[in-house]
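Working through the structure, step by step
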Amino acid sequence: SADGGANWQTATVKGAQSRYDWVLWSAALELARPGVIELLSRASDSAGNTQPVTRDPRRADLYAYNVCGRVRCVVI
């Protein structure tokens, strides 16, 4: 997502050797304007469950930290 999680684009995922492996993925995005942007990534399973966009504020620890990945970028 390039709009704070309002809209999501499906990425291309390279297959893992087992269900516990990290996987590589890629997605092509067309961004409307240059500037600072935050990209979000999230995983979904075969049942349609997805990672939450925000962290549960009731959790003070980092155990089961499962929120979306966020990366701030500068588009020129």
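Scope of this entry: the structure provided in the associated data block. As the structure is a computational prediction, the values presented were derived from the model and not from experiment.

1. What about the pattern of salt bridges?
Scanning the entire structure with this criterion turns up two salt bridges. Between Glu38 and Arg70 there is a salt bridge; the shortest N-O distance is 2.9 Å. Of the two residues, Glu38 sits in strand β3 (residues 35-41) while Arg70 sits in strand β4 (residues 69-75), which places them 32 residues apart along the sequence. With relative accessibility at 25%, the residue Glu38 sits in the partly exposed group.

2. Regarding the packing of aromatic side chains
In this description, a pair of aromatic rings is defined by centroid distance and the angle of the planes. Per the counting criterion, the structure on display carries zero aromatic pairs. The ring of Trp8 has Arg42 sitting right over it, with the charged end atom 4.0 Å from the ring centre.

3. Notes on the environment of Ser26
Topologically, Ser26 is positioned in strand β2 (residues 25-26). A relative accessible area of 44% places Ser26 in the partly exposed class. Here the alpha-carbon distance between Ser26 and Ala6, two residues 20 residues apart in the chain, equals 19 Å.

Analysis parameters
Residues numbered from 1 in each chain as written. Predicted model: local features only at pLDDT ≥ 70, side-chain atom pairs only at ≥ 80, totals over all residues. Heavy atoms only, no water. Salt bridge = Lys/Arg side-chain N within 4 Å of Asp/Glu carboxyl O. Helix = DSSP H or I, 4+ residues; strand = E, 2+ residues; numbered from the N terminus. Buried < 20%, exposed > 50% of the residue type's maximum accessible area, 1.4 Å probe, protein only. Phe/Tyr/Trp six-rings, centres within 6.5 Å; stacked < 30°, edge-to-face > 60°. Lys NZ or Arg CZ within 6 Å of the ring centre and 35° of its normal.

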